[in-house]
Amino acid sequence: MTQLEIEGVTKRFGEMEVLRSVSLRARSGEFVSLLGPSGCGKSTLLRIVAGLEQPDAGSIRLGGRELRGVAASERDVAMVFQSFALYPQMTARENIALPLRVRRLTRLQRFAGRLGLSPAARRIGAEIDRQVEALARTLEIGPLLGRRPGSLSGGQRQRVALGRALIRQSSLLLMDEPLSNLDARLRLQTRDEIAQIQRQFGVTTLFVTHDQAEAMAVSDRIAVMLKGEIAQFGTPQEIYRTPSSLAVAEFVGATRLNRFEAVAWPDGALALGGLPLGLAAPALAGQRVTLAWRPEGLSLAASGLPVTVRRLEDHGADAFLHAEYEGRPVAARLRSGHGLAVGDTAWLRPAPEALMLFDAAGMSHPCRPLAAYVHA
Amino acid sequence: MPETRDQRRMGLLLASPAALLMLLLQVLPLLLVLGTAFTDWQLGGDPPAFVGLENFRALLADPDFRASVLVTARYILMVVPGALGLGLGLALLLQGCGRGRMIYQTIFFLPYIATLAAMSIAWQMLLHPSFGMANQVLAALGLGGVNWLRDEATALPVLALIGVWHETGFAMVFFLAALTSVPAELHDAARLDGMGGGWDRFWLVTGPHIASIGLFVLVVLTAHAVMVFDTVALLTQGGPGNATRVLLYVIYQEGFSFFRSNVAATATVFFLAFTLTLGVLQLRLGRTRGAA
């Protein structure tokens, strides 16, 4: 079931078009990441969904309800901010309870409740307290409830901020780079916890990040945003294995992409430096193409592309080979114990099934095994 | 690096001119005033004799002095909340103002940097009973005029109004600085937490964030208000009756009109005690603000 439906959202800041007709659908309970470099418009899109910015065009529906014209405070949306944005004068307990207090108590009751004047306010307050305690147990921040944000560590603040976002059980959870203010080790740990908590609560989540490893680790699906558009929307595997364009392929992946320029043969057959790949893309016959492999798509062989070894990184379980092919850098992931040394000449064989093929405009194209093409 | 004897001597030598001047111009007069408060010395009179706490007893029993303390307190109670409230209000308005913000900021700050003595003349013109603008406007509306500075009921409030006019820009500048330091994400978070109204968010986010600066401004404004003198001396001379006879004006009169130096000195000690308290408070608040 579609929970969040973003359709044709466009936003300009002055002359700059930050979002160009962005559309996206997230299923109920799905964890969707908006992944892109800074300035790609991902945070703006998130703020538009939250109601903190108004789109110039397009619509957003949440659970079938049109959100255009609905104030941020009236949307059924919670958000975790990059800076956590906890109220410094309030304890963790008060921070987490606030969204419930605002919604369940009137202004007068909130005031009277503090003075202990209203029995009704006290009853509701006790109920809210119970919920906060229960959530705090789940998040393992029970002992911290009495403390102010100023005396909490980054990771603890993060959990309190998450608690404040989860307490109201809203139908959409937004997270704006929630891990970027944590140190590297805590980031990994918190990343896993966020994924786990999200599944536990089953809340539809939109998660903004510029870190592709983060997005791959936590998401059901990733929307790669480049220059104000969604370049590709798919599962982490799809994004990694079959990127829709050269730009997506280059952005996703921990190491550089191995790119080779070539020209497809008149019958569409593909070859690299005179080495036939056994693949063909008839639609690109005779055109300039880019052949690309990730480092794990290249392996040592007795023949293939002759490369000069420039640098070797041993990672224990595997190793990275940085080499040079016709004056251009090439990276390959090898098994340990390859026996190479800097300055050696080695032969790399590209795996045909790992090939990513792009046309001159950088768009992805399918290719088929040559034999099948010949038989067909 | 351990100091040698020569270095220490050199340091003392270099610091001595400033230290001497400070001693001569600040500490010595203060001690003289303090000493005078315990004598019966009057300018041009007999050599002073020690009278103990007699001056303090007499001053505290003097209904005129008590009245002047009350007048000063009333002045403070009008000026400080007025300037504080208006300064905050203007700062909030200006913060949401995009273009022209600098222009407005400068305009509202101008009264504070303008010489109050000179500006008092302008106010005197405005408030003149027959050709002042205030009364002409009232006349145009068919209302009778008021002799603003010569009426016991209006003189002090009018001076307070001038005080507010003068101090509002000062308060505003501090609040503007405080407001720019409120993180925008906190306002966003408050919106998503259900605080849609600006007033709600003011109490939840802005208020706590600017509270310490507000307290600081409050103390400084109080210190400014207790030192009011220019407008009183130029516009009302403490009158009508004793309606605007503020503390500093009493000291001035006792010392330089009646030449009762011992009384002036005693009043000054009271005055100093009060301003010193405010000064310490200001320093404390400044420090906690720096630490936060």
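For clarity, every value in this text was computed on a predicted model and none was experimentally measured.

**Let's talk about the overall build of chain B**
For chain B, the count of helices and strands is 12 helices and 0 strands. Taken from the N to the C terminus, the helices and strands of chain B come in the order α-α-α-α-α-α-α-α-α-α-α-α. Whereas a compact globule of 292 residues would reach a radius of gyration of roughly 19 Å, chain B reaches 24 Å, over 25% beyond that. Overall size of chain B, expressed as C-alpha extent along the three principal axes, is 75 × 75 × 30 Å. Taking all 292 residues of chain B together, 31% fall into the buried category. When contacts within chain B are restricted to residue pairs at least 6 apart in sequence, those whose partners lie at least 24 apart make up 70%.

**Brief notes about the interface of chain B and chain A**
Many analyses report the size of an interface as the accessible area lost when the parts associate. The interface is formed by 13 residues belonging to chain B together with 19 residues belonging to chain A. For the side of chain B that touches chain A, the secondary structure elements donating two or more residues are α8 (184–192) and α9 (198–226) of chain B. In terms of residue count, α8(B) provides more of the side of chain B that touches chain A than any other element does, 6 residues in total. Taken together, the residues of the side of chain B that touches chain A break down into 7 nonpolar, 2 polar and 4 charged.

**Looking at the sheet that holds strand β1 (residues 2–13) of chain A**
Residue and element names in this part refer to chain A. Taken in spatial order, the 4 strands of this open sheet run β2-β1-β4-β5, and their pairing is antiparallel. Only two strands of the sheet have a single partner each, and these edge strands are β2 (16–27) and β5 (65–66). As defined by bridge partners, β1 adjoins β2 across 8 bridges and the pair is classed as antiparallel. Counted as the bridge partner of isoleucine 6 is leucine 24 from β2. The strands touched by helix α1 (residues 42–50) are β1, β2 and β4 (57–62); relative to β1, the strand with the most contacts, the crossing angle is about 120°.

**So, the nonpolar core**
All names here are of chain A. In terms of nonpolar packing, the biggest core is built from 105 residues, with Val49, Leu174 and Val224 touching the most fellow members. In terms of residues, this core owes the most to one element, helix α2 (residues 92–104), which gives 6 residues. Two domains share this core, each providing at least three of its residues, namely domain 1 (2–246) and domain 2 (255–375). In this structure, leucine 174 is in contact with Leu46, Val49, Ala50, Val77, Met79 and Leu206, ignoring residues within four places of it in sequence.

**What to know about the packing of helix α3 (residues 63–95) of chain B against helix α7 (residues 155–180) of chain B**
Residue and element names in this part refer to chain B. The contact between α3 and α7 brings their axes to 6 Å, and the two run at 40°. On the basis of their axis angle, the class for α3 and α7 is oblique. Two packed elements cross with a definite hand, and for α3 against α7 that hand is right-handed. Taken together, the residues of the contact of α3 with α7 break down into 21 nonpolar, 5 polar and 2 charged.

**Considering the pairing of strand β13 (residues 275–280) of chain A**
Residues and elements named next belong to chain A. For strand β12 (residues 269–272) and β13, the ladder comprises 4 bridges, and the chain directions are antiparallel. Bridged to alanine 271 within β13 is proline 276. Taking the residues between adjacent antiparallel strands as the criterion, β12 and β13 are bridged by 2 residues, where glycine 273 takes a positive phi near 55°. Judged from the 2 bridges that link them, β13 and strand β21 (residues 368–369) form a sheet pairing that is antiparallel. Across the sheet, alanine 280 pairs through a bridge with arginine 368, a residue of β21.

**Quick notes on the sheet that holds β12(A)**
Overall, antiparallel pairing links the 3 strands, which are arranged β12-β13-β21 (chain A) in an open sheet. Strand pairing shows two members of the sheet lacking a second neighbour, β12 and β21 of chain A, which therefore form its edges.

**Here we look at unusual backbone geometry**
All names here are of chain A. Although it is not a glycine, glutamate 140 sits at a positive phi angle of roughly 60°. Assignment of secondary structure puts glutamate 140 in the loop between α4 (119–139) and α5 (154–166). For glutamate 140, a count of 11 C-beta atoms within 10 Å corresponds to the exposed category. We note that glutamate 177 has phi near 45°; this positive angle belongs to a residue other than glycine. Relative to the assigned elements, glutamate 177 resides in the loop between β7 (172–176) and α6 (184–201). The class of glutamate 177 is buried, set by 20 C-beta atoms lying within 10 Å.

**Focus: the environment of Ala184(B)**
By the secondary structure assignment, Ala184(B) is in helix α8. In this structure, the C-alpha to C-alpha distance between Ala184(B) and Val205(B), residues 21 residues apart in sequence, is 9.7 Å.

**Things to note about the domain arrangement of chain A**
Residues and elements named next belong to chain A. What the domain assignment lists for chain A is domain 1 (2–246) and domain 2 (255–375). Put simply, the middle of domain 1 and the middle of domain 2, counted by C-alpha atoms, are 41 Å apart. Contacts between the two partners involve 5 residues from domain 1 and, on the opposite side, 6 residues from domain 2. Each residue belonging to the side of domain 1 that touches domain 2 can be placed in one class, and the counts come to 2 nonpolar, 3 polar and no charged.

**Some words on the environment of Glu152(B)**
Residue and element names in this part refer to chain B. Mapped onto the fold, glutamate 152 is located in the loop between α6 (133–140) and α7. Considered as a pair, glutamate 152 and proline 240 are 88 residues apart in the sequence and their alpha carbons are 5.7 Å apart. Look past the residues within four positions of glutamate 152 in its chain and what remains in contact with it is Pro240, Gly241 and Ala243.

**A few points about the confidence of the model for chain A**
Predicted coordinates in regions of low pLDDT should not be interpreted in detail. Of the residues in chain A, 98% have a pLDDT of 70 or more, and the chain-wide mean is 88. Looking over chain A, one finds the lowest element-wise mean pLDDT in helix α10 (residues 370–375) of chain A, namely 55, and the highest in strand β3 (residues 31–35) of chain A, namely 95.

**Concerning the packing of α2(A) against α5(A)**
Residues and elements named next belong to chain A. Orientation of α2 relative to α5, taken along the N-to-C sense of each, is 25°, at an axis distance of 7 Å. Considered as vectors, α2 and α5 are oriented roughly parallel to each other. Crossing of α2 over α5 shows right-handed handedness. Residues Ala92, Asn95, Ile96, Leu98 and Pro99 of α2 lie in contact with α5, whose contacting residues are Val160, Gly163 and Arg164. A class-by-class count of the residues in the contact of α2 with α5 yields 5 nonpolar, 2 polar and 1 charged.

**Some remarks on α2(A)**
Residue and element names in this part refer to chain A. The end-to-end C-alpha distance of α2 is 19 Å, a good match for the 18 Å that 13 residues give at a rise of 1.5 Å each. Its axis deflected by about 45° at leucine 98, α2 carries its strongest bend there, up to four residues before the proline proline 99. If you check which residues of α2 are buried, you get Ala92, Arg93, Asn95, Ile96, Ala97, Leu98, Pro99, Leu100 and Val102.

The rules behind these values
Residues numbered from 1 in each chain as written. Chains lettered and ligands numbered in written order. Predicted model: local features only at pLDDT ≥ 70, side-chain atom pairs only at ≥ 80, totals over all residues. Helix = DSSP H or I, 4+ residues; strand = E, 2+ residues; numbered from the N terminus. Rg over C-alpha atoms; globule rule 2.2 N^0.38 Å. Buried ≥ 20, exposed ≤ 12 C-beta atoms within 10 Å, placed from the backbone. Contact = placed C-beta atoms within 7 Å. Nonpolar A, V, L, I, M, F, W, Y, C, P; charged D, E, K, R; others polar. Pairing = 2+ DSSP bridges. Axes fitted to C-alpha atoms, helices over the stretch in contact; angles between N-to-C directions. Core = buried A, V, L, I, M, F, W, Y, C linked by C-beta atoms within 7 Å. Domains from an automatic or database assignment. Parallel < 35°, antiparallel > 145°, perpendicular 65-115°, else oblique. Left-handed = near helix turned anticlockwise from the far one by under 90°. pLDDT = per-residue confidence, 0-100. Expected span 1.5 Å × (residues − 1). Bend = angle between axes of the 7 residues up to and from the residue.

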